[in-house]
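Topology and contacts: notes
Listed below are the residues making up each chain.
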There are 2 protein chains.
Amino acid sequence: MRLQALTAALLAASCASAPVSSEAQTAPVPSMGEILEQSPAGDWRAVNPENTIYMDLPAGRVIIELAPEYAPNHAANIRALARAHYWDGAPIVRSQDNYVVQWGRDEGDTTSYGEAQRSLQPEFDRRRSGVEVTRLQDPDSYAREVGFSDGFPVAGQNGRTWLAHCYGMIGAGRGDTADSGSGAELYVVIGQAPRHLDRNVTLVGRVLQGVELLSVMPRGTGALGFYETPEERTIIRSVRLASELPESERVNLQTLRTDSATFRTLTESRRTRRDPWFLEPTGAINVCNVPLPVRTAP
Amino acid sequence: MRLQALTAALLAASCASAPVSSEAQTAPVPSMGEILEQSPAGDWRAVNPENTIYMDLPAGRVIIELAPEYAPNHAANIRALARAHYWDGAPIVRSQDNYVVQWGRDEGDTTSYGEAQRSLQPEFDRRRSGVEVTRLQDPDSYAREVGFSDGFPVAGQNGRTWLAHCYGMIGAGRGDTADSGSGAELYVVIGQAPRHLDRNVTLVGRVLQGVELLSVMPRGTGALGFYETPEERTIIRSVRLASELPESERVNLQTLRTDSATFRTLTESRRTRRDPWFLEPTGAINVCNVPLPVRTAP
């Protein structure tokens, strides 16, 4: 009984409900799954294989979507590094609780960068003008505007817009100067959104599938969660660009368009909870708490 | 070189720096560790053994501090359950990525509750009047006031205050009615703060040490991250109230007082980053991104 009760409780907590008019409040509230099932095909977009990275770990596959609209040069470099098989056999070097998991090659490693650059100019933000953003109306601690652009969480102010460091976002490590990163060293956010990194690091995309393979990496015991011995490291089997694989070997994913009516309905259903379990419907949401649904193409 | 560069980069990102006056900006910026080292003894408070729970897992110990100022009846019930050894041999039943890890006993289990109640009235919030809160000045998506009260993150509005669902906070599962929880089933937040649960679930405390033993639990493959087979579950060795153990077996922890000058300096150093690595100092912080330092009594 007790576990069943809690299952119901956290089911309600984790599933969304659609807003309903006052006269309809006795009707069942559609779940997030139901909202998505009722969505028209045009509310989804196929993920471009040129922007899709397959990172194969011993435990399974992580699929990443690059964001070339925000970081075109980093996306191009990451594609070149994948084509050069740069990360095949590279280690996960770090797992810091409530922060990031990170991978890359050690100092002195001579693996070829292929046609990739060793260093890039930062791509921390871009001009807001001309960028379509589905805005959230609730306040944000870090920026005057937050919302979604082409499937990614974004923030902005003063005529600029940038990707936001939400859970599952992928960033390119850099040194003390702005131009020292290349995309060869990458990290994924696995905790409370470290939004203070916004505009300090170039974000290059987000995990579409398999983030749970990275987030459970045993935390490193060294400073900043770095692993202290080779035995603690997980070795990446391979990293491939989907467009390099035959079509039969690709996973055809779609993401819910963040400029779609379905996404607006979903967001509102998460802002204001109508499920019977919720005693306090909240009526607000943070940009990093809005789900960004992904599905296999039907 | 590359990894060293990234180490420096994320060192800067993860360590705090104190605000400095403009004439002092060439001086080294104190790190979070340095700020804490310079703190007077009176800026720390001992954690009361009556509020301290040791949860021993095969991988090590998790230490939880209860929050009886916010949830007195739940704290009392959890103490009674610990005294009855209720959780000894109980399983971790659920691990849902970017959400919660949860433990408790299955439906039909007959383990004695000892002197604990089977059901409690909710303790979702309390009167704001008379509660000392160290306020944050930056906006929050979910509440008009956020800050810290006696070492815990809090939110509030309309004359009420409540504990906030930040990473590492511990909550008591409940069923569809407000009074169906008892504290026998507990969860810990292991992802982006699910603040929509605020005022919908009674929060009972937070993890002081060892949250990384819970956050890496392999994610369950059932709905909501429930484990589908007994083999997937981790078994809790024991849960004890520190005050029940001989003093020689206790861990004497202290938490930084959130009404102290050191905590204000630390918070400001995280709001506005002065480390050379930061190109954009941010100048704002979310309540769930402020560190709540814990140390062993010197």
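The following paragraphs examine the structure supplied in this document. (Residues numbered from 1 in each chain as written. Chains lettered and ligands numbered in written order. Predicted model: local features only at pLDDT ≥ 70, side-chain atom pairs only at ≥ 80, totals over all residues. Heavy atoms only, no water.)

**Quick notes on the pattern of salt bridges**
- In this structure the tally under the stated criterion is 36 salt bridges over all chains.
- Notably, a salt bridge pairs B:D140 with B:R195, separated by 3.0 Å at the nearest N-O pair. Placement of B:D140 in the loop between strand 7 (134-135) and strand 8 (145-149) and of B:R195 in the loop between strand 12 (186-189) and strand 13 (202-209) is noted, with a sequence separation of 55 residues between them.
- Residue class for B:R195 comes out buried when judged on its relative accessible area of 4%.
- Residues joined in a network through salt bridges with shared partners are A:R45, A:E65 and A:D150. (Salt bridge = Lys/Arg side-chain N within 4 Å of Asp/Glu carboxyl O. Helix = DSSP H or I, 4+ residues; strand = E, 2+ residues; numbered from the N terminus. Buried < 20%, exposed > 50% of the residue type's maximum accessible area, 1.4 Å probe, protein only.)

**Details of the sheet that holds strand 15 (residues 253-256) of chain B**
All names here are of chain B.
- Taking strand neighbours across the sheet as the criterion, the three strands line up as 1-15-16 in an open arrangement whose pairing is antiparallel. The sheet is open, and its two edges are formed by strand 1 (44-46) and strand 16 (294-296), each paired on a single side. Recorded for the sheet is a direction-independent mean angle of 35° between the axes of neighbouring strands.
- By the bridge criterion, three bridges tie strand 15 to strand 16 in an arrangement that is antiparallel. Bridging across to strand 16, Q254 finds its partner in R295. (Pairing = 2+ DSSP bridges. Axes fitted to C-alpha atoms, helices over the stretch in contact; angles between N-to-C directions.)

**Section: the state of the cysteines**
Residues and elements named next belong to chain A.
- In this structure the tally under the stated criterion is two disulfides over all chains.
- Sulfur-sulfur distance for the disulfide between C166 and C288 comes to 2.0 Å. Taking the torsion about the sulfur-sulfur bond, which here is approximately -75°, the covalent link between C166 and C288 counts as left-handed. In this pair, C166 is assigned in the loop between strand 10 (160-163) and strand 11 (169-172) and C288 in the loop between helix 5 (261-271) and strand 16 (294-296), connecting sequence segments 122 residues apart. Each member of the pair, C166 together with C288, is buried. (Disulfide = S-S within 2.5 Å.)

**A word on the packing of aromatic side chains**
- For the structure on display, the rule yields eight aromatic pairs over all chains.
- Relative to A:Y113, the ring of A:Y86 has its centre 5.0 Å away and its plane inclined at 65°; by these criteria the two rings are edge-to-face. Of the two residues, A:Y86 is situated in the loop between helix 3 (72-83) and strand 4 (92-96) and A:Y113 in the loop between strand 5 (100-103) and strand 6 (126-127); the sequence distance between them amounts to 27 residues. Each member of the pair A:Y86 and A:Y113 is classed as buried.
- Arranged with centres 4.9 Å apart and planes meeting at 90°, the rings of B:W277 and B:F278 form a pair that is edge-to-face. Like B:W277, the residue B:F278 is buried in the burial classification.
- A connected cluster of aromatic rings, assembled from ring pairs, spans A:Y86, A:W87 and A:Y113. (Phe/Tyr/Trp six-rings, centres within 6.5 Å; stacked < 30°, edge-to-face > 60°.)

**Points about unusual backbone geometry**
All names here are of chain B.
- The backbone of H85 sits at a positive phi, close to 60°, despite the residue not being glycine.
- Tracing the sequence through the fold places H85 in the loop between helix 3 (72-83) and strand 4 (92-95).
- Within the chain, N98 stands out as a residue other than glycine whose phi angle is a positive 60°.
- Structurally, N98 can be placed in the loop between strand 4 and strand 5 (100-103).
- Among the residues examined, N98 registers a relative accessible area of 23% and is labelled partly exposed.

**Re the relation of the copies chain A and chain B**
- Placing chain A over chain B gives an RMSD of 0.0 Å and needs a rotation angle of 180°, together with 0.0 Å of translation along the axis. In the structure described here, the two chain copies are related by an operation that fits a two-fold rotation axis.
- Looking at the interface residues of chain A, 100% of them are also at the interface in chain B, so both copies use one shared face. (Least-squares fit on C-alpha atoms with pLDDT ≥ 70 in both. Contact = heavy atoms within 4.5 Å.)

**What to know about helix 3 of chain B**
Residue and element names in this part refer to chain B.
- With 12 residues, helix 3 extends 17 Å between its outermost C-alpha atoms, agreeing within 8% with the 16 Å of an ideal straight helix rising 1.5 Å per residue.
- Inspection of helix 3 places H74, A75, N77, I78, R79, A80, L81 and A82 among the buried residues, and these make up the whole buried set.
- Close packing links the buried residues of helix 3 with strand 2 (52-57), strand 3 (60-66), strand 11 (169-172), strand 12, strand 13 and strand 14 (238-241). (Expected span 1.5 Å × (residues − 1).)

Keep in mind these values describe shape, not function.
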